[in-house]
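Single-letter residue listing:
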Amino acid sequence: MSPHFSVTSTFPGSAGAAFHIKRLAAALLVACSGAALAAPATPAPPQSPDQPRTAADTAALPQPSSSAQKLYSSAKADLLQVRSLLKSGRTQSSVGSGFLIGNSNLVVTNYHVVSEFALEPDTYTGEWVDTGGQRGNVELMAVDVLHDLAVVRVNRNGTGVFNMPERLAHLSQGQYLYSLGNPLDLGFAISEGAYNGVINRSFYDQLMFTGPINSGMSGGPSVTVNGDIAGVNVSKRLDGELVSFLVPARYAQELLKSVTPNSTPPKNFTDVVAQQLLAHQKAMVDQLLAAPLTMKAMGPYKVPVRESEQMRCWGKSNVKADKPFTVDITSCAMESAIFVSGTLQTGAIGIRHQFMRSTGLDPVRFAQLSSASFKNEGFGSHKDSRLTGPQCTEQFVRAQGPNSVPLRAVLCVRAYRKFQGLYDFALLTASTDEGLMNLQSRLDARGVSYENGMRTARAFLEALSRGTAP
């Protein structure tokens, strides 16, 4: 599936609201004697297996083993393709997979497979097609945007192949799993691979599946040789060989508990997604600030970072003999973000520090260089349909403390138009205490509440200092 979204405005983006944001941003700078930043680029998340096809995707699938053939034969009746259709003309917009649970009319799939008609029900609708060519409409019943899961209701029942028992199968590293779905919209298929443990780099657990999950297989089941559900196909890495990911079955089990075949679905899934994103950002910021930020030395400065399973830091330098200046960069970013739509991923933190020093420039030319670097930072467009334009405030500030650094600081805040209560914060700072060296730091907090955005910016601002890091 190749999910795409257009986002309409529900956030009051009036001049009054913009002034309110700017006034609160300015208050943070005064209270903290600090400023705001712009977000560093985050590493590309694992690729959804429902993106446009590539030459590698179209390679022939390996011939399935006898075990795989038996599994597919017994399971194919309960496999479905889940399609997102443009209501006008009912033309296909994206495709994924799903599977019927037990003898019910409930189907488990990925959230990103249904995201178009979840958030834009006036524009998109859903359809199912089974291995026999039968088809019908789907009704969205529940979503779990944090784990990329959804439950839909269809007008046919399963044969009992895929059950979600209270006690799920125990998995051992190296055991074979079998993923089913409709790759590349070519027809239903099964692929073999090995379970290789739980991936902790995502904020929420995923299973590593060393096997092919091709475009269109998102939302299909991955099962053991006995047919027990291990997980739900969700994504793959494009920069590796057969590195794919599954949503653990326990998350699908939990979502199914909130739905019955006769349940009434929520009227507005945008509100449901917003509440789940608000829950995520609270957990994310609480974890980020649960302990003091780690301090790293860059020249005479100490800079804050956070290194964990979910957040990795990388460094690089432009050191060359013929350069009149050198630049060292430390960038920290979360390993994953929350997929909301084809144009929006959020719920992530990014930190970047750039230490620049002159090796042959006079103070005036170095000041011009560092100032140009500061001005080149971007904070987003006023034409963005997903968020309001950035409301920024700039001051020269200095935090309290004997080792504090005088800073030029900019704090920018943008509100989500469709998901009320969520904001993107960008804090950019530049040191002003040295003529031939400069520290520029940036914090990006995407998809956070106003309170947590201010809280994160304040902690970052107050941590910048001079001295030798331990």
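Bear in mind the structure is a predicted one, so any value in this text is a computation, not a measurement.

A few words now on the environment of Ser-308. Along the chain, Ser-308 falls in the loop between β15 (301-305) and β16 (311-317). Judged by its relative accessible area of 27%, Ser-308 falls in the partly exposed class. Spatially, the C-alpha atoms of Ser-308 and Leu-288 are 9.3 Å apart, while their sequence positions differ by 20 residues.

Moving on, we come to the packing of aromatic side chains. Scanning all chains against the criterion turns up seven aromatic pairs. Residues Tyr-301 and Phe-355 carry aromatic rings whose centres are separated by 6.1 Å and whose planes lie at 70 degrees to one another, so their mutual orientation is edge-to-face. Of this pair, Tyr-301 sits in strand β15 while Phe-355 sits in strand β20 (residues 348-358); the two residues are 54 residues apart in sequence, bridging distant segments of the chain. Of the residues examined, Tyr-301 reaches a relative accessible area of 0% and is grouped as buried. Seen in terms of ring centroids, Phe-425 and Tyr-450 are 5.2 Å apart; in terms of plane orientation they differ by 70 degrees. Their pairing is edge-to-face.

Another point: the pairing of strand β1 (residues 79-86). Counting buried residues along β1, seven of its eight residues qualify, which places the element largely inside the surrounding structure. Across eight bridges, β1 lies against strand β2 (residues 91-100) in antiparallel orientation. From the neighbouring strand, Leu-79 faces β2, where its bridge partner is Phe-99. Where β1 hands over to β2, the hairpin turn is made up of four residues, of which Gly-89 adopts a positive phi near 90 degrees. In the sheet, β1 pairs with strand β4 (residues 124-130) via seven bridges, with the strands oriented antiparallel. Across the sheet, the residue bridging to Leu-80 is Asp-130, located in β4.

Take the environment of Leu-242 next. When you line up the elements, Leu-242 lands in the loop between β12 (229-236) and β13 (244-248). Residue Leu-242 is classed as partly exposed on the basis of its relative accessible area of 44%. C-alpha separation for the pair Leu-242 and Phe-209, spaced 33 residues apart in sequence, amounts to 7.8 Å.

This brings us to the sheet that holds strand β14 (residues 294-298). Reading across from one edge, β14-β15-β25 is the order of the three strands in this open sheet, with antiparallel pairing throughout. Both outer strands of the open sheet, β14 and β25 (465-466), are each paired with one neighbouring strand and no more. Note that β14 and β15 share five bridges and pair antiparallel. Bridge pairing in β15 links Thr-294 to Val-305.

Okay, the state of the cysteines next. Going through the model one piece at a time under the given rule, you end up with two disulfides. Bridging Cys-313 to Cys-332, the disulfide has an S-S length of 2.0 Å. As the torsion about the S-S bond is roughly 110 degrees, the Cys-313-Cys-332 disulfide counts as right-handed. Of this pair, Cys-313 sits in strand β16 while Cys-332 sits in strand β17 (residues 325-334), and the two are 19 residues apart along the sequence. Across the pair, exposure class does not vary: Cys-313 and Cys-332 are buried alike. There is a disulfide in this structure between Cys-392 and Cys-412, and the S-S distance comes to 1.9 Å. Every disulfide takes its handedness from the sign of the S-S torsion; for Cys-392 and Cys-412 that torsion is 110 degrees, giving right-handed.

Rules used in this analysis
- Residues numbered from 1 in each chain as written.
- Predicted model: local features only at pLDDT ≥ 70, side-chain atom pairs only at ≥ 80, totals over all residues.
- Heavy atoms only, no water.
- Helix = DSSP H or I, 4+ residues; strand = E, 2+ residues; numbered from the N terminus.
- Buried < 20%, exposed > 50% of the residue type's maximum accessible area, 1.4 Å probe, protein only.
- Phe/Tyr/Trp six-rings, centres within 6.5 Å; stacked < 30°, edge-to-face > 60°.
- Pairing = 2+ DSSP bridges.
- Disulfide = S-S within 2.5 Å.

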